Every structure is written in structure tokens, then in C-alpha cells.
Amino acid sequence: MTELLSNHLAGRWQAGRGHGSPLFDPVLGHELVRVDAEGLDLAEGFAFARDTGGAALRAMRYGERAAMLSAALKVMQGRRAHYEEIAIANSGTVKNDTAVDVDGGLFTLGQYAKWGAALGDARFLRDGDAVRLGKEPLFQSQHLQVPTRGVALFINAFNFPSWGLWEKAAPALLSGVPVIVKPATATAWLTQQMVKDVIDAGVLPPGALSIVCGSAKGLLDQLRPFDVLSFTGSAATAAVIRSHPAVAERSVRVNIEADSLNSALLLPDAEPGSPAFDLLVREVVREMTVKSGQKCTAIRRIFVPEALYGAAAEALGARLAKTTVGNPRNETVRMGALVNREQFDNVKAGIAQLREQADVLHDGSAAPLVDADPAVAACLGPVLLGTGRRDVDGAAAVHDVEVFGPVATLVPYRSLAQAHALVQRGQGSLVSSLYGDDAQALAATAVELAACNGRVHVVTPDVAQAHTGHGNVMPHSLHGGPGRAGGGEELGGLRALNFYHRRAAVQASEAVLAKI
Ligand code: NAP
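Residues numbered from 1 in each chain as written. Predicted model: local features only at pLDDT ≥ 70, side-chain atom pairs only at ≥ 80, totals over all residues. Heavy atoms only, no water.

K.L.:
Any chance you could explain the overall build of the chain here in plain terms?
P.N.:
Counting its regular elements, the chain contains 15 helices and 22 strands. The C-alpha atoms of the chain give a radius of gyration of 24 Å, which matches the 24 Å a tight globule of 516 residues would have. For the chain, the residues scored as buried account for 57% of the 516 residues in total. Considering only contacts within the chain whose residues lie at least 6 apart along the sequence, 78% involve residues at least 24 apart. Of the roughly 20,200 Å² that the chain leaves accessible, carbon and sulfur atoms contribute 53%. (Helix = DSSP H or I, 4+ residues; strand = E, 2+ residues; numbered from the N terminus. Rg over C-alpha atoms; globule rule 2.2 N^0.38 Å. Buried < 20%, exposed > 50% of the residue type's maximum accessible area, 1.4 Å probe, protein only. Contact = heavy atoms within 4.5 Å. Areas by Shrake-Rupley, 256 points an atom, 1.4 Å probe, with all protein chains shown as cover.)

Given below as C-alpha cells:
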């Protein structure tokens, strides 16, 4: 039997009492390690994090906690090579895709360490200035943001075992709130190893960071009114979480990052072969293939002017055809695996659903794999679909079915107004990207689409080298989206701290407020 990974709860490493669930190599098919959370005393673990971890963190100032994040970062930078080995084995990712997760997580942690250092010796945050409550200045109201006195529970998705932890844990720990993370079972190994390294290095106070690997059973039952819950995963699980008594009855604050049908939109001024056209093609192909399309921010729908549909299909197909797929250990491979065979089957089923309303423009799904057995490996080449000039307004599946793999659909539009309406058919997305060369039209479209997107990423030829990528989540910018995307908000610089703080107004005399 393979190694059983430990859980860290109540300040100690603890094994589950069951046989555990196996984690696999998605390319070679063999079992790697096991995880198990059966029989853990969750009540004890949550109380320890809340009381011991929370008190220790709150005794520190923002600047001290920022230094603690820097120390954690340093520990993990020294273990980078080991994380890459785990990612290749358990996520089947090529070097570049591993970097998106591992280095993306460490970069985000480093950013919060920097931003937190600037908060210095403060113990809470002032929210705006005091305002008079009457004609005279004597009695005023000052809003404060104070760290919540509970734990932050993270239930994470399989696709970002590193970034998914640190993009949430950095602002939580900086805020002074202890973290309990439950990684998705399929890829829990990397999260567990990072948590283990940081805890074993002794750079965090006991109870500040805990991890439960395995089933989520019973975790939500532990949540109390001042705790917060951050969930990333499917809309179906999100619905279960929203209706749990912790959320529905105990008002546990919840942040949900769910699925999203993100868009790329080429504005009407583009010509085939123009810089804006080429930038769209490059970005779409990158988004379809990075992490085998298993990115919540990946482009799923591509909108181009009707006259450019054929040229766009041809240019995208030609680039996608160059994608070598297979074993990430082979240097010639550009795209590795999906997370497991179950996702492989889900992606195939999703493609079949889209095919009912769209044609296949490029089919990489049957292309030979490099150094991988197609009967075993969860590897699938990119598939581009297109609605052509059929009833694009009626093609519901294209705007509704998120295929979590290297799959996207090209859709022609007749007018910019129709393009806006089609983007909005996604019912709320994490990100849309715009491509063009007309600053005025791009700015107007960005504002128009801001209401249904967490982020609008505008690519013009002058930022061809400078822009950070449609799907790359920068800690400086908001991550999350309205409606279908879950309605959550993460990152966005120090805005991320809001989720882990409670806002309160103190109404008092000028003299009292001056002492705060
Ligand atoms: P999932 O099945 O919803 O699982 C997400 C997490 O929830 C996992 O840790 C899972 O644990 C846990 N979970 C499952 N059932 C639960 C329950 N009843 N109560 C509490 N927790 C439960 O999603 P997934 O398949 O891992 O992720 C893929 C989906 O996530 C994609 O479809 C994508 O749309 C979405 N996603 C969104 C974002 C974003 O930022 N918006 C990012 C990544 C992924 P186990 O693994 O142990 O089952």
C-alpha cells in the first residue's frame, strides 16, 4: 500500500483511521499516495485553530504577520524542485503549467507579504474617516475593520493545489485569521506537502494553519457564526454549501468561486492578420492549452465579427494543430494530462453535448499521444468547435455547458450589441478579454461588460508584450465573478482582507475616537 498522508489538526499530525482514497498519476495510471480523514476529532481541531491559532495571530501586528508570510515563502522556495516532482506525478502538468500553479501561489504569497509590511504596527484597519452625526463635531462615527474571531475554512478545487491555497491563505493569515484547508482529494498531495513544510519549519504559530485531506464530511458542521468559508469548485457542490445550516442559519460568511464560461471578444475593427486578430488567436490557443484548459478563467467562448469567422477558425486550428500532447516528462510535450480519467470522460461528454449545437473545427482528441498510453493516460488534445452562422442566439449549450478541458467554441456576431448580449449569456463570468485597436470602442465595451464579469482584460497591440494574460490571476486585480461564477470576490490587493475582517462603526465623542 502507498503512503498515507497525514492531516494536521489541533496542532499535531494525525492519520485518518480508514483505508483512505488513492491519488493517481494521470499519465501513467499508478497509485501515488493515499489520503484519509476518517475518525478525526474535527471539533477539537476547529476549537484549537479558533482559540489557540487565532489568539496567537491576533497578538501579532500586520507587519509581523507579513514577516511570517515572507518566512513561509522562503521555506517553500527552498522546496520548489520537490513541488514540481509532485505536480508532474499527480497533476500531469508540463513545466510551464506547474509554474502557473506553484510559482503563481508563491508569487501571490510574496505580494501579500509586501503589501502587509506596509500596514506596519496597526492592529486593525480604519475604514474611511470619522463623520459627524449631528451639526456639531462633538459626536462622530468611525468605521473600523477588525479581524474576525473565527477560522477560515477553505474547500478547494483540484486544478490549483498550490495557488488555490496561497491566494486565500495569504490574505487570511495577514488578517490574523487561522486557516483550515481541505484540498480536493485528486491533487491533495501538493497542498499537503506545502503545508507540511511550512508547519515543520516552525514559522507559523500553532493552530495558524491546519489541513484535512480526504472527505469534506462533517467540516461544515463545525462552522460557527464568526468563521468564514471559502469554496472553489463546481456549481453543484456550491449549491449544497449555500444551503448548509452553517451558512443558512448561522450566517457564516461564504465566498464562492464556481464555474464560468469566460469570453474572448474581437472587436469589429480587426482584419485577418492584423495585430489585434493575431493577439486574439495567440491568447485563445494559450488559454485552451495551459493546464489542459483546466483553469476556471480559461476562454470557453470566442466571439468574432461574422466576416472573420472563417479566417479565425483557420488560424486557431493551424496553431492548435501544433500542440503536442502526452507525458509531461518528455521535453517535446506542450500539453500534459487532465487530472484523471473521470475528468477525461467528463470532458468527452461535454464535447458531445456542445456538438449538438456546434461543428468541430479542429479535433485534436484523436491525435497520437507522446510517450503515453491512450488507454491509460487522461490526455486529450484540444478541440475547437464553432456555431457557424446557425442560430447563435439559440445555441444554449455553448453559453451554458462549461467543459473543463482544452475545449472552446467560436461564435460569429453581426453587431457589437449582439456580441455584448452573447457575452452576457454566460450569466456572469470571471473574466472576458477584448482585442482591438480602437481605444474608445474598447473602453466603452469594457465598461459595458464590467457588470457581468469580475475582470475585463483588454489587449491592444501596444501591450502585446506587457499584458499579463487573459487567464492569469494577478493578486493586484479582483478574482471572482457575479452570477454563475459564484458571486465571490478574492484578491484585488488589500481588498482581499475585507473578507477576513468585520466592519463595525464606533460612535463616540471626538476625544474617544482620537484614542482609537
Ligand atoms: P467539486 O467536485 O465541486 O469539488 C470541489 C471541492 O469540494 C473539493 O475539495 C471536494 O472534495 C469538495 N466537496 C465535494 N463535495 C462536497 C460536499 N458535499 N461538501 C463540501 N465539500 C465538498 O469541484 P471539482 O471537480 O474539484 O472542480 C472542478 C470544478 O470547479 C470545475 O467545473 C470548475 O468550474 C470549478 N472551478 C472554479 C474555480 C474558480 O475560481 N471559479 C477554480 C477552479 C475550479 P473532494 O475532492 O474530496 O470530493
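K.L.:
Before we go on, may I ask you to explain the domain arrangement of the chain in this structure?
P.N.:
The extent of an interface is frequently quoted as the accessible surface area lost upon association of the parts. Domain boundaries in the chain define domain 1 (4-258 + 491-515) and domain 2 (262-474). Computed over C-alpha atoms only, the centres of domain 1 and domain 2 are separated by 31 Å. Taken together, the two surfaces of domain 1 and domain 2 that pack against each other cover about 2,000 Å², and 64% of this comes from carbon and sulfur. Inspection of the domain 1/domain 2 interface yields one salt bridge. Residue Arg 329 is joined to Asp 25 by a salt bridge in which the shortest nitrogen-to-oxygen separation is 2.8 Å. Counting the contacts that link domain 1 with domain 2 gives six residue pairs in polar contact (both at pLDDT 80 or more). Breaking the side of domain 1 that touches domain 2 down by element, the ones donating at least two residues are helix H3 (80-91) and helix H4 (95-117). With five residues, H4 is the largest single contributor of residues to the side of domain 1 that touches domain 2. (Domains from an automatic or database assignment. Buried area = accessible area lost by both parts, 1.4 Å probe. Salt bridge = Lys/Arg side-chain N within 4 Å of Asp/Glu carboxyl O. Polar contact = N/O pair within 3.5 Å; in protein donor to acceptor, adjacent residues only side chain to side chain.)

K.L.:
Hey, could you run me through the UniProt feature "domain: Aldehyde dehydrogenase" (unreviewed entry) in the chain in this one?
P.N.:
The UniProt feature table records "domain: Aldehyde dehydrogenase" (unreviewed entry) at residues 21-466. Between the first and last C-alpha atoms of residues 21-466 the distance is 43 Å; the span itself is 39% helix and 20% strand. (UniProt positions renumbered as here; feature names shortened; annotations may be inferred.)

K.L.:
Help me understand a negative patch on the surface in this model?
P.N.:
A surface patch of negative charge is lined by Asp 269, Glu 271, Asp 437, Asp 438 and Asp 462. Within the secondary structure, Asp 438 is located in the loop between strand S18 (429-435) and helix H14 (439-450). Since its relative accessible area comes to 35%, Asp 438 is described here as partly exposed. (Patch = residues over 30% accessible without salt bridge, like charges linked within 9 Å, V, L, I, M, F, W, Y side chains within 5 Å. Lys, Arg positive; Asp, Glu negative; His and termini not counted. Charge placed at Lys NZ, Arg CZ, Asp CG, Glu CD.)

K.L.:
I would appreciate a short explanation of the environment of Gly 436 in the present structure.
P.N.:
Note that Gly 436 resides in the loop between S18 and H14. Counting along the chain gives 24 residues from Gly 436 to Thr 460, while the straight-line C-alpha distance between them is 5.7 Å. Those residues within four positions of Gly 436 in sequence are excluded, and the remaining contacts are Asp 269, Ala 276, Leu 442, Val 459, Thr 460 and Pro 461.

K.L.:
For this particular structure, what's the right way to read the pattern of salt bridges?
P.N.:
Side chains carrying opposite charge are able to pair once their charged atoms draw close together. Under the defined criterion, the tally for this structure stands at 16 salt bridges. The partner of Lys 196 in a salt bridge is Asp 200, with the nearest N and O atoms 2.7 Å apart. Taken together, the residues span about one helical turn, with Lys 196 and Asp 200 both in helix H6 (residues 188-200) at a distance of four residues. Connected through salt bridges with shared partners, the residues Arg 80, Glu 84, Lys 95 and Asp 103 form a single ionic network.

K.L.:
Would you take a moment to explain the site of the ligand for this structure?
P.N.:
Close to the ligand lie 24 residues; Thr 185, Ser 234, Thr 237, Ala 258 and Asp 259 are nearest. In this structure, Ser 234 approaches the ligand through a side-chain N or O atom, which is 2.7 Å from an oxygen atom. In the model, an oxygen atom of the ligand is placed 3.3 Å from a nitrogen or oxygen of the His 479 side chain. For the ligand, whose free accessible area comes to 900 Å², the fraction covered by protein is 78%. In the shell around the ligand, the residues fall into 11 nonpolar, nine polar and four charged. Residue contributions to the shell around the ligand reach at least three from each of two domains, namely domain 1 (4-258 + 491-515) and domain 2 (262-474). (Near = heavy atom within 4 Å. Nonpolar A, V, L, I, M, F, W, Y, C, P; charged D, E, K, R; others polar.)

K.L.:
Is there a simple way to think about the sheet that holds strand S1 (residues 4-5) in this case?
P.N.:
Each strand in a sheet pairs with another by means of backbone hydrogen bonds, the pair being arranged parallel or else antiparallel. Read from one edge of the open sheet, three strands run S1-S5-S4, paired in mixed fashion. In this open sheet, the two edge strands, each paired with only one partner strand, are S1 and strand S4 (21-24). Pairing analysis gives four bridges linking S4 to strand S5 (residues 31-35), with the strands arranged antiparallel. Its bridge partner lying in S5, Phe 24 is registered against Glu 31. Those strands touched by H6 are S1, S4 and S5, and its axis lies near 65° from that of S5. (Pairing = 2+ DSSP bridges. Axes fitted to C-alpha atoms, helices over the stretch in contact; angles between N-to-C directions.)

K.L.:
When you look at the nonpolar core in this model, what are you seeing that I'm missing?
P.N.:
Most often, soluble globular proteins have nonpolar side chains that are buried together. Within the largest apolar cluster, 56 residues are counted, with the highest numbers of intra-cluster contacts made by Leu 69, Phe 154, Trp 166 and Leu 173. Of the residues forming this core, the biggest block, eight residues, is contributed by helix H5 (residues 163-175). Non-local contacts of Trp 166, meaning those with residues more than four positions away in its chain, are made with Met 76, Gly 105, Thr 108, Leu 109, Pro 171, Met 194, Val 198 and Leu 209. Core analysis: the second largest hydrophobic core is formed by 26 residues, Leu 266, Leu 308, Leu 316 and Val 459 among them. (Core = buried A, V, L, I, M, F, W, Y, C linked by side-chain atoms within 4.5 Å.)

K.L.:
Sorry, what's going on with the sheet that holds strand S22 (residues 501-509) here?
P.N.:
The strand order across the open sheet built from three strands is S6-S7-S22, with neighbouring strands paired in antiparallel fashion. With one partner strand each, in any of the chains shown, strand S6 (125-132) and S22 form the two edges of the open sheet. The sheet shows a mean angle of 20° between the axes of neighbouring strands, direction not considered. Pairing of strand S7 (residues 139-147) with S22 involves nine bridges; the strand directions are antiparallel. Note that in S22 the partner of Ser 141 across the bridge is Gln 507.

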